[in-house]
Amino acid sequence: MAKLNERLKLLRNEKQLAQTQVAELLKQSLRAYQYYESGHHIPEFPNLLFLADFYDVSMDYLIGRSETRGRMP
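The model shown is predicted, which means the values in this text are computed figures rather than measured ones.

Right, let's talk about the nonpolar core for a bit. The tendency in soluble globular proteins is for nonpolar side chains to be buried as a group. Among the nonpolar cores identified, the biggest contains 16 residues, and L8, V22, Y33, L51, Y55 and L62 are the most heavily contacted of them. Sorting the residues of this core by element identifies α1 (4–14), α2 (19–25), α3 (30–38), α4 (45–55) and α5 (59–63) as the ones contributing at least two each. In terms of residue count, α4 provides more of this core than any other element does, four residues in total. Those residues within four positions of V22 in sequence are excluded, and the remaining contacts are R12, L17, Y33, L51 and Y55.

Put into structure tokens, the structure is as follows:
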């Protein structure tokens, strides 16, 4: 199963966004976001929620607990 950092990179690339763009959306430095994608740090819960909503995926998918992207109604 994919890890959070792998999912973040996959979803960002699917939307054809640069790391700087996602960092700006999160109101964080580029380096802080790069730590997320490298697996060195985990985003805080509010940022995880934001990213799941932004990419329109379930939290379980984002963190690697599920292969199903869809969110529950």
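Don't stop here, the text continues.
This part takes up the pattern of salt bridges. The final tally for this structure, using the stated rule, is six salt bridges. For R12, the salt bridge is made with E37, and the minimal N-O distance between the two is 2.5 Å. Of this pair, R12 sits in helix α1 while E37 sits in helix α3; the two residues are 25 residues apart in sequence, bridging distant segments of the chain. An identical accessibility class is assigned to R12 and E37; each is buried. A single network of salt bridges, built from pairs that share partners, joins D53, D56 and R71.

Attention shifts here to α4. Taken together, the buried positions of α4 are occupied by N47, L48, L51, A52 and Y55. Each buried residue of α4 lies within a common arc of 135° when the element is viewed along its axis, so the set occupies one face. Exposed residues pointing more than 90 degrees away from the buried face of α4 are listed as F45 and P46. Residues of α4 that are buried sit in contact with α1, α2, α3 and α5. Directly after α4, the chain includes D56, whose backbone phi takes a positive value near 55°.

Attention shifts here to α1. Structural remark: α-helix, 3.6 residues per turn; residues separated by three or four positions point the same way. The set of residues buried in α1 consists of L4, N5, R7, L8, L11 and R12. Taken around the axis of α1, the buried residues stretch over an arc of 160°, which confines them to a single face. Where α1 ends, the next residue or the one after it, Q16, has phi of about 55°, a positive value.

Here we come to the packing of aromatic side chains. Any aromatic ring pair is given by two values, namely how distant the centres are and how the planes are angled relative to each other. Evaluation of the coordinates by the stated rule reveals three aromatic pairs. Where F50 meets F54, the ring centres are 6.1 Å apart and the plane angle is 10°; that geometry is what we call stacked. With F50 and F54 both in helix α4 and four residues apart, the pair spans about one turn of that helix. Note on F50: relative accessible area 34%, which makes it partly exposed. Exposure remark for F54: the relative accessible area of 27% places this residue in the partly exposed category. With centroids separated by 5.0 Å and ring planes inclined at 70°, the aromatic side chains of F54 and Y55 adopt a geometry described as edge-to-face. On the accessibility criterion, Y55 (7% relative accessible area) is buried. Among the aromatic residues, those joined into a ring-pair cluster are F50, F54 and Y55. Its guanidinium or amino end placed over the ring of F54, K15 lies 4.9 Å from that ring's centre, counting from NZ or CZ.

Thresholds applied
Residues numbered from 1 in each chain as written. Predicted model: local features only at pLDDT ≥ 70, side-chain atom pairs only at ≥ 80, totals over all residues. Heavy atoms only, no water. Core = buried A, V, L, I, M, F, W, Y, C linked by side-chain atoms within 4.5 Å. Buried < 20%, exposed > 50% of the residue type's maximum accessible area, 1.4 Å probe, protein only. Helix = DSSP H or I, 4+ residues; strand = E, 2+ residues; numbered from the N terminus. Contact = heavy atoms within 4.5 Å. Salt bridge = Lys/Arg side-chain N within 4 Å of Asp/Glu carboxyl O. Arc of directions from axis to C-beta. Phe/Tyr/Trp six-rings, centres within 6.5 Å; stacked < 30°, edge-to-face > 60°. Lys NZ or Arg CZ within 6 Å of the ring centre and 35° of its normal.

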